[in-house]
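Understanding the architecture of this molecule
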Amino acid sequence: MIRTVAALVGLAVTLPVDIAAAGFAAIVGSRPTVHRTESPRTVLISGGKMTKALQLARSFHLAGHRVIMVESAKYRFTGHRFSRAVDRFHCVPEPGDSDYAQALLDIVQRENVDVFVPVASPAASIHDADAKALLDPHCEVIHGDSDTVRMVDDKSRFSEHAASLGLRVPDFRRITDPAQIEEFEFPPGREYILKRISYNPVGRMDLTRLSALTPERNTRFARSLHISERDPWILQEFIAGQEYCTHGTVKDGRLQVYCCCVSSAFQVNYEMVDKPEILSWVETFVSSLGVSGQLSFDFIESAADGHIYAIECNPRTHSAITMFYDHPDLAAAYLDDGHPVIVPRTTARPTYWIYHELWRLVTEGGRKARLCSIFRGTDAILAGWDPLPYLLVHHLQIPSLLVRNLSARRGWSRIDFNIGKLVENGGD
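In short, a report on the structure. As the structure is a prediction and not an experimental result, all values here were calculated from the model. (Residues numbered from 1 in each chain as written. Predicted model: local features only at pLDDT ≥ 70, side-chain atom pairs only at ≥ 80, totals over all residues. Heavy atoms only, no water.)

Scanning the protein for helices and strands turns up 13 helices and 16 strands. Computed over the C-alpha atoms, the radius of gyration of the protein is 22 Å, within 12% of the 22 Å expected from 2.2 N^0.38 for a compact globule of 428 residues. Dimensions along the principal axes, computed over C-alpha positions, put the protein at roughly 60 × 50 × 45 Å. Here the protein holds 428 residues, and 53% of them are scored as buried. For the protein, the proportion of contacts with a sequence separation of at least 24, taken over those separated by at least 6, is 66%. Total accessible area computed for the protein in this model is approximately 18,900 Å², and 53% of it derives from carbon and sulfur atoms. Put simply, the protein has 46 plus and 51 minus side-chain charges, and the middle of one group is 6 Å from the middle of the other. (Helix = DSSP H or I, 4+ residues; strand = E, 2+ residues; numbered from the N terminus. Rg over C-alpha atoms; globule rule 2.2 N^0.38 Å. Buried < 20%, exposed > 50% of the residue type's maximum accessible area, 1.4 Å probe, protein only. Contact = heavy atoms within 4.5 Å. Areas by Shrake-Rupley, 256 points an atom, 1.4 Å probe, with all protein chains shown as cover. Lys, Arg positive; Asp, Glu negative; His and termini not counted. Charge placed at Lys NZ, Arg CZ, Asp CG, Glu CD.)

Shown next as structure tokens:
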């Protein structure tokens, strides 16, 4: 409760500063380049609480398309609904509700939607794939089918498919019973971690190392996780090295939007890096599926052998899409078949979220480097031509969630301004 009240007070204190920042950006910021398409469409975007949905809305808007945004009632106060890029906003049921797909169809028909671009949370990507079957006769859906999404979203099945293509993945085992950990012969000198197959918003940060040298810890830790046939986990070799993340938008198995960034579990900074081995890996994998959709991958570049290993695939938009904030062709690369692959422009500044950066500036070392990062990059939400989302994410959306959390006495582990939510146990 004390943390929640402190967060609310802190946001209230910074309101005048944010008003000044938004006003300054509106005065001195350059106007966006508008490239109006000859074939304007109505585009439906879900996941309205997240910055990546705002970025796509802005890109489609600047290309001359009409944008409809949706989000669940819990996030009805998302600051993004007030963006100049959003023509209409609707609340829909939670993705897991039985009425979700029908609600999307009702909006598609009412708003004459041509294209649906799901910006899915981890808990929503499979439900969006199921909804695709209902929506396909009425509009284009840039998302994989149910079978494909379920396969890539399952860490062990994804690894099996990648390995069958000759692509590198860490050694792994699917675990459905803690006894399998006791029976597993850990190779000497190698460490493993356990990761839940289903989304685990809080526990995913637990990377307890298991090895042949720690048999008692292995057993104790495995038995604490409630592993079962219905709730399987993956035992995955831990590979020390540099982590990378990618976003890819795919049409019929062909990569049309691509970016790659250095990443880590807690890092929310995006800057394009050129890693040819990763690009080749992604192109090979997506072409094997032959589907359309958005596929994001996590990789590790091994410190031992220098090779790239894919850790997992997330069948949804990656927040690194914010790096395309100044790219005139993002909308076309999403919508047009056969569009040449685009990457962030060389002039694009790295993107970040200022409240994350300020918190790290206060709580971490390396303050000079952090300040350099702030001045060299750009906030992913703030845009001079569209200032309201920045103000209202920080001073309406997040405060409304904090008040809701306080009323429920639920507790939270951190505020994520990027995806516009509180990270909570059992959250989305």
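Here the narrative resumes.
The next subject is the pairing of strand S11 (residues 293-302). Among the ten residues that make up S11, eight are buried, leaving the element largely enclosed by the rest of the structure. The pairing of strand S9 (residues 241-251) with S11 spans ten bridges and is classified as antiparallel. The residue of S11 that forms the bridge with Gln242 is Glu301. Strand direction decides the pairing type here: S11 and strand S12 (residues 308-314), joined by six bridges, are antiparallel. Looking at S12, one finds that Phe299 is bridged to Ala310. Between the end of S11 and the start of S12, which pair antiparallel, lie five residues, with Gly306 showing a positive phi angle near 80 degrees. (Pairing = 2+ DSSP bridges.)

Let's shift gears to the sheet that holds S9. The antiparallel open sheet is built from four strands, whose spatial order is S10-S9-S11-S12. This sheet does not close on itself; its edge strands, each paired only once, are strand S10 (254-263) and S12. Taken over all neighbouring pairs, the strand axes of this sheet differ in orientation by 25 degrees on average, direction set aside. On top of the sheet, helix H9 (residues 276-289) reaches S9, S10, S11 and S12; it is set at about 140 degrees to S11, its chief contact. (Axes fitted to C-alpha atoms, helices over the stretch in contact; angles between N-to-C directions.)

Another aspect to go through is the packing of helix H1 (residues 2-28) against helix H13 (residues 388-408). Their axes nearest at 9 Å, the elements H1 and H13 cross at an angle of 170 degrees. Taken together, H1 and H13 sit at an angle that is classed as roughly antiparallel. Contacts between H1 and H13 involve Thr4, Val5, Ala7, Leu8, Leu11, Thr14, Leu15, Asp18, Ile19 and Ala22 from the former and Tyr390, Leu391, His394, His395, Ile398, Pro399, Leu402, Val403, Asn405 and Leu406 from the latter. Of the residues belonging to the contact of H1 with H13, the class tally is 14 nonpolar, five polar and one charged. (Parallel < 35°, antiparallel > 145°, perpendicular 65-115°, else oblique. Nonpolar A, V, L, I, M, F, W, Y, C, P; charged D, E, K, R; others polar.)

Now for the environment of Gly306. Structurally, Gly306 is set in the loop between S11 and S12. The spacing of Gly306 and Gly241 is 65 residues in sequence and 8.5 Å in space, taken between C-alpha atoms. Those residues in contact with Gly306 that lie beyond four places of it in its chain are Glu277 and Glu301.

Turning next to the packing of aromatic side chains. One pass over the structure, following the stated rule, counts 14 aromatic pairs. Ring geometry for Phe186 and Tyr192: centres 5.7 Å apart, planes at 75 degrees, overall edge-to-face. Summarising the burial analysis for this pair, Phe186 and Tyr192 share the class buried. Here the aromatic residues Phe158, Trp281, Phe285, Phe297 and Phe299 are joined through ring pairs into a cluster of three or more. Above the plane of the ring of Trp412 lies Arg3, whose end atom (NZ or CZ) is 3.9 Å from the centre. Between the NZ or CZ atom of Arg209 and the centre of the ring of Phe238, over which it lies, the distance is 3.6 Å. (Phe/Tyr/Trp six-rings, centres within 6.5 Å; stacked < 30°, edge-to-face > 60°. Lys NZ or Arg CZ within 6 Å of the ring centre and 35° of its normal.)

When you line up the elements, Asn269 lands in the loop between S10 and H9. A distance of 3.0 Å separates a polar atom in the side chain of Asn269 from a polar atom in the side chain of Glu357. Looking at Asn269, its side chain comes within polar contact range of the side chain of Arg360, at 2.7 Å. (Polar contact = N/O pair within 3.5 Å; in protein donor to acceptor, adjacent residues only side chain to side chain.)

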